[in-house]
Each structure stands twice: as C-alpha cells, then as structure tokens.
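The residues making up each chain are set out below.
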Amino acid sequence: MKFPKPLKNRDFVTQRSWLETREEYIVFHHSLSHKSIPHRKGFIRGTVFLSGYLIHPLGETSCEYYYLAWSDPRGSLPKWLVNRVTETLSPRMVKTVYRACVAYDAWKEVNNPKFKPWLYPEQLEGVERLNIDDTKVEHAESLNSLEEDESSRRRRS
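So, here is what we can say about the structure in this document. Remember, it's a predicted structure, so these values are computed and weren't measured experimentally.

Reading the values: the criteria
- Residues numbered from 1 in each chain as written.
- Predicted model: local features only at pLDDT ≥ 70, side-chain atom pairs only at ≥ 80, totals over all residues.
- Heavy atoms only, no water.
- Helix = DSSP H or I, 4+ residues; strand = E, 2+ residues; numbered from the N terminus.
- Contact = heavy atoms within 4.5 Å.
- Polar contact = N/O pair within 3.5 Å; in protein donor to acceptor, adjacent residues only side chain to side chain.
- Salt bridge = Lys/Arg side-chain N within 4 Å of Asp/Glu carboxyl O.
- Buried < 20%, exposed > 50% of the residue type's maximum accessible area, 1.4 Å probe, protein only.
- Phe/Tyr/Trp six-rings, centres within 6.5 Å; stacked < 30°, edge-to-face > 60°.
- Lys NZ or Arg CZ within 6 Å of the ring centre and 35° of its normal.

### Observations concerning the environment of Gln123
Step number 1: Within the secondary structure, Gln123 is located in the loop between α1 (79-110) and β7 (135-137).
Step number 2: What Gln123 contacts, discounting residues up to four positions off in sequence, is Lys114, Phe115, Lys116 and Pro117.
Step number 3: One polar contact links the side chain of Gln123 to the main-chain carbonyl oxygen of Lys114, over a distance of 2.8 Å.

### A look at the pattern of salt bridges
Step number 1: Considering all chains together, one arrives at four salt bridges under this definition.
Step number 2: Asp134 is the partner of Lys35 in a salt bridge, and the nearest nitrogen-oxygen pair spans 3.3 Å. With Lys35 in the loop between β3 (25-34) and β4 (43-45) and Asp134 in the loop between α1 and β7, the pair connects residues that are 99 residues apart, well separated along the chain.
Step number 3: Residue Lys35 is classed as exposed on the basis of its relative accessible area of 65%.
Step number 4: It is possible to trace a salt-bridge network through shared partners that takes in Asp11, Arg40 and Arg45.

### A few points about unusual backbone geometry
Step number 1: Its identity is not glycine, yet Arg74 carries a phi of approximately 60°, on the positive side.
Step number 2: Mapped onto the secondary structure, Arg74 falls in the loop between β6 (63-72) and α1.
Step number 3: Of the residues examined, Arg74 reaches a relative accessible area of 11% and is grouped as buried.
Step number 4: Although it is not a glycine, Asn112 sits at a positive phi angle of roughly 50°.
Step number 5: Tracing the backbone shows Asn112 in the loop between α1 and β7.

### Some details on the packing of aromatic side chains
Step number 1: Evaluated as defined, the whole model comprises four aromatic pairs.
Step number 2: Joined through ring pairs, the aromatic side chains of Tyr53, Tyr65 and Tyr67 make up one cluster.
Step number 3: Directly above the aromatic system of Phe43 lies the positively charged group of Arg40, at a separation of 3.8 Å from the ring centroid.

Right, dumping it as structure tokens:
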C-alpha cells in the first residue's frame, strides 16, 4: 500500500479462505507471518485482524453484498487519519468489486475460462501448497507498535 511522503508504505501478508453454501458465499482473510515472506525494508507490515465479504444472491443478476474490514496499518498514524482514509477506501473498494463483477464474464472468456480452482480444487495440482508449519497467526496482543520514522522511536526511549 503506497503512502504519501513522509509516511512509510505498508504491506500485508494474509491468508484467504472461502466457503460456498446453498444460500451464500463467504470470503475472509486475516494476517499471518510466513517464514518465506520477511519484512521489507522501508515498509511497515500492517495487520488484518479480519476482513471479508458475504454475498447473498437474490437472483440471476443481483445480490446483497456485505463487506467487513478490521485492520491496522500500524505505525504512528493518528486514529482520526486512519478512520478518515477507511471512510474513503472502503466505498471505493466496493465500487471496484462491482465493476469487476459486471465485466467478469467478458474478462474470463479470454483469460483461462475453464480455470476455476475455487470450484475445482483439483486444478491446483502442481501448485505448491502452504505449509502451515511455516506460518504464525498474528494476534492482537502480540503486536508491537512500529513508528513512521526512527527519530520518533528514539524520542520515546
């Protein structure tokens, strides 16, 4: 996630899961650490406590769509700024998903139309699976505050 200067950029490492029931589709993700994805220099690793979508079809061409985002960009950003940005980004993200849904059939027609691993998991044969032993779930109580710059960290010591 690109931030304007003097703020540091953010990155997030998440695990996504989905479930299809007879009545709805559920997609959610949360942060975790993975030994093959170390922290990157110049970035603050944000945390997604829980984020996801609940999609309840209402017919062939409509649905109810719910979006939940509970995350922390971490660092020394003021809460009012994080809340203000969230008020802007969340509706923009929902609009982006809507546009993608409207254009999906045409896009999928020319982009590997038979590849749908969420419906056919056997299509993932040959794809390296996540080794759960290489991961660690990020819990709220284990998070340390990371500062935007080194000088503010030194001032607090």
